[in-house]
Amino acid sequence: MALRTRFAPSPTGYMHIGNLRTALYAYLVAKKDPEGVFILRIEDTDQGRLVEGATDIIYDTMQSCGLKHDEGPDVGGDYGPYVQSDRVKSGLYLDYAKKLIHRHGAHYCFCDQDMIDAQRELQEARGESFKFNDPCKSISIEDAEKRIESGEKFVIRQTISEEGQTSFDDEVFGKITVDNETLDEQILIKSDGFPTYNFANVIDDHLMGITDVVRGMEYLSSTPKYNLIYEAFEWDIPRYIHCPPVMKDEHNKLSKRNGDASFQDLVQKGYLPEAILNYIALLGWSPEEDKEIFTLDELVQAFNVKHIGTSGAIFDIDKLTWLNGMWLRNMDIDTYYELIKDYIDQGVKGDFDKKKIAKIVQQRANTLVEIPEMLTFFDTFNEFDTDLYNNKKMKTNPEIALTSLKAAKEVFEQLDDYSEESLHNELLKLPEKLEMKNGQVLFPIRLAITGQQFTPGGAIEIASILGKEETLKRLNQSIAQLEG
C-alpha cells in the first residue's frame, strides 16, 4: 500500500512556523514513496477559534512553499469531504461514537460542570492529579438513550479500563508505555454534536487510509488514548512520527499566540518561501551529508525520519537570514532582477541601470526589504563627516583620501571609455603609481561618491552606474569638503 500522510491544520490565523514544519515533514515522508499521497485536511471542529480567511492563508502558504497536496478541499479526492465541519453534517462522527459505545470503548455522560468541578476540588485537596471519575459509566445504553430521547443533554466520553498498560512505537521517541489508570476519559462528542479533535482525527485518519501520522510531540501523551480507539474498532494503527517543538529559546516554544513570527510575517520581512522552508527543515532534523542548502526536491531525497531529534530546536533568525542571503546569491542574475526590481524602484527613482544595481545588491542583501534603504545614495548625495575617511582596516585618513581622490579625478576626467572594464583597468593603476594599497585608493573613492561607509558594490561598480558626469560632480564636492 502506498504511503498516505496528511497535514490537518485548524484555520485559526496565520501559518505558525511549527505547523509549516509539520506540513513539510508530512510531505517529505509521503514523497519518499514514488506512489505516496499527501493530503490536506481542514480541521475546523473548534468553531470558537475559527478566523475568517484563514483557510485561504493555508492554501496560499502551501502553494508558496511548493507543498502541493494530492487530495484536499480545493482539489478533491476519493476520501472527501476534506473539511471536518462538512463531515459533521453527515452525522459521521456521532455514528462512529455510537458504534464505539456498543464496542465498550465509550459511554454517554450526563454530568454537569458543577459535578466535574466538585470532583476536581476534592482530588486537588487530597493532593491528587485531577482525573474525572464518571458515574455515568454504570448507566446502561438503553437507559442512556431513553434519557436522551427525553431531551437530556449529553456528551460522549471515551471508556478506559484502569487495568493494564498501553504501548506504542514512535519513529522518533521509540517505544512508549503508559499505565491505563493515568489516562483521562476524554470527551469524544461535545454537547453541541461536534466531535473533539481527539476523536475526529482518529476517525478521519482511518477512513482516509492514513498510514503515517506526522505531528508535534505534544500529542505523545494523547496517542495511547487514540490507540485504544483504534483497538476497540479493530483498525490498523498508523506509524507515528512525533516531532520536537520549535523553540523561541531554551524554555519557551515558538507560538503565534505569543506574537512570534508566522510564515506570512517572515515573507513580509523579505524572506523567500524557499529559504524559510529550507531552514525549518533543519529545525530538529539533521541531514546525513554536510550540507545546509536544500531545494524541496533535494529534501525529498535526503529526508530520513530516523534523523529527527528528540529535543526542541531553537529558531535562530540570524541563521535564517544567512540562509536567505545564500538563496538570493545563488540565483542567476535575470531571475534575481525580476525578483527585486520593485524593491530597487522603491529606493532608486533616478535614471540608472537597474540591472547593474541588482548585480551589486545581490552580493550584499540578505533580505528583500533591506534593499531600498541600501540604495538611497543613488538619488541623494549629502555632505558627510570627513572622519569617515579614518579607517584602520583600509589604512586611510583624510590626508591619504585627499591624495587618492585628486588622482582619481584626473583618471575620470581623461576617460573616454567609461565602461566598468575601462574604469577597472585605469583605477587599479593608481595604487602602484601612488605607492599605496588598493584599499587606500578605492575606499576613499567609494566613500566620496556615495557618502556612505557601507554600500553594495565597490567604487568601480558604483562609479560605472552613476556615470561620468555624476561621479565627477560628487568627487569634486568631496574634494572641496576635504580641502575646506
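Our subject is the structure that appears above.
Keep in mind that this is a model prediction, so the values were computed, not measured.

A closer look at helix α2 (residues 54–65)
The end-to-end C-alpha distance of α2 is 17 Å, a good match for the 16 Å that 12 residues give at a rise of 1.5 Å each. Within α2 the residues assigned to the buried category are A54, I57, I58, Y59, T61, M62 and C65. Where α2 is buried, its residues touch β1 (4–7), α1 (17–31), β2 (37–40), α9 (263–268), α10 (273–281) and α11 (296–302). Trailing α2 by a residue or two, G66 shows a phi angle of about 80 degrees, which is positive.

Things to note about the pairing of β2
Side-chain alternation along β2 places V37 and I39 on one buried face and F38 and L40 on a second face that is also buried. Pairing of β1 with β2, which is carried by four bridges, proceeds in the parallel orientation. Across the sheet, the residue bridging to F7 is L40, located in β2.

Here we look at the side chain of T223
As for its position among the elements, T223 is in helix α8 (residues 223–233). Assessed through its relative accessible area of 0%, T223 is described here as buried. Polar side-chain contacts of T223 include one of 2.8 Å to the backbone oxygen of Y219. If sequence neighbours within four positions are ignored, T223 has contacts with F168, R215, Y240 and H242.

With respect to the sheet that holds strand β7 (residues 187–189)
Pairing is antiparallel in the open sheet, where three strands are placed in the order β3-β4-β7. This sheet does not close on itself; its edge strands, each paired only once, are β3 (106–109) and β7. Averaged over all pairs of adjacent strands, the angle between their axes in this sheet comes to 40 degrees, without regard to strand direction. Sheet topology places β3 next to strand β4 (residues 155–158); four bridges connect them, and they run antiparallel. Along β4, the bridge assignment pairs C109 with V155.

Observations concerning the environment of D385
Position of D385 among the secondary structure elements: in the loop between α15 (371–374) and α16 (398–414). A relative accessible area of 51% means that D385 is categorised as exposed. Of note is the side chain of D385, whose polar atom sits 2.9 Å from the backbone nitrogen of D387.

Details of the pattern of salt bridges
Side chains that carry opposite charge are capable of pairing whenever their charged atoms lie near each other. Evaluated as defined, the whole model comprises 24 salt bridges. With a shortest N-O distance of 3.4 Å, E298 and K291 are connected by a salt bridge. By relative accessible area, E298 is classed as partly exposed at 32%. In this structure, the salt-bridge partner of K341 is E338, at a minimum N-O distance of 3.1 Å. Of the two residues, K341 and E338 are both situated in helix α13 (residues 333–347); the distance of three residues between them amounts to about one turn of the helix. Looking at E338, the relative accessible area reads 48%, which means it is partly exposed.

What counts and what doesn't
- Residues numbered from 1 in each chain as written.
- Predicted model: local features only at pLDDT ≥ 70, side-chain atom pairs only at ≥ 80, totals over all residues.
- Heavy atoms only, no water.
- Helix = DSSP H or I, 4+ residues; strand = E, 2+ residues; numbered from the N terminus.
- Expected span 1.5 Å × (residues − 1).
- Buried < 20%, exposed > 50% of the residue type's maximum accessible area, 1.4 Å probe, protein only.
- Contact = heavy atoms within 4.5 Å.
- Pairing = 2+ DSSP bridges.
- Polar contact = N/O pair within 3.5 Å; in protein donor to acceptor, adjacent residues only side chain to side chain.
- Axes fitted to C-alpha atoms, helices over the stretch in contact; angles between N-to-C directions.
- Salt bridge = Lys/Arg side-chain N within 4 Å of Asp/Glu carboxyl O.

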